[in-house]
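Coordinate analysis (summary)
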Amino acid sequence: MSLGPPGAQLDPEQAENFEEIEKQFAVKVVQHMETYWSILEKIQGSKLRLTKMDDEIYEHFKKEFPDFDPKATIDEDDMKSKEGKERWRNFINQYDKKIEDFNFGTMLRANPAWEYGEKETIFAVRMQFYAVEIVRYAQLFISFLVTKILQNAQQSGRSK
């Protein structure tokens, strides 16, 4: 399993898919989703810090994506269009060497009111995940989780 000599450019169109690497990637993505959801169930989104740079990421994101509506469902086609990719690439690359795994693939909920699910998630990179979720928290659009958890707790208390 070789990707070529050190320093060689990798042509994604010619690259092989390595099944073991894909499996490891999938496991890592699922672990990230489960961990993140578990945290959301325990900590109110407005109090959650995802990185040491949340405030800077928030301000930068609002400047670069001023029309982003944190309550709305993300338009994946727009996000992954040629123009969308370019905007995101410019945003994301500013966090190289600042945020660990800034460009590592992960899953992003398309809408803040939805749980993770096959049709409710978008494949994204870590900085897209951080930026979108930080903006959602800052604007208090994840409070549905707190309500949901409290309702579940009340229902569990009644059934005992």
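Look a little higher up for the structure.
Only a predicted model underlies this, so the values are computations on that prediction, with no experimental measurement involved.

As a packed pair, helix α2 (residues 54–64) and helix α5 (residues 126–138) sit with axes 9 Å apart at the nearest point and diverge in direction by 90°. Taken together, α2 and α5 sit at an angle that is classed as roughly perpendicular. Residues Asp54, Ile57, Tyr58, Phe61 and Lys62 of α2 lie in contact with α5, whose contacting residues are Met127, Ala131, Val132, Ile134, Val135 and Ala138.

Here we come to unusual backbone geometry. The residue Lys97 is not glycine, and still its phi comes out positive at about 70°. The residue Lys97 is located in the loop between α4 (82–92) and β1 (105–109) in this model. We note that Asp101 has phi near 55°; this positive angle belongs to a residue other than glycine. By the secondary structure assignment, Asp101 is in the loop between α4 and β1. Judged by relative accessible area, which is 34%, Asp101 ranks as partly exposed.

Cut-offs and rules
Residues numbered from 1 in each chain as written. Predicted model: local features only at pLDDT ≥ 70, side-chain atom pairs only at ≥ 80, totals over all residues. Heavy atoms only, no water. Axes fitted to C-alpha atoms, helices over the stretch in contact; angles between N-to-C directions. Helix = DSSP H or I, 4+ residues; strand = E, 2+ residues; numbered from the N terminus. Parallel < 35°, antiparallel > 145°, perpendicular 65-115°, else oblique. Contact = heavy atoms within 4.5 Å. Buried < 20%, exposed > 50% of the residue type's maximum accessible area, 1.4 Å probe, protein only.

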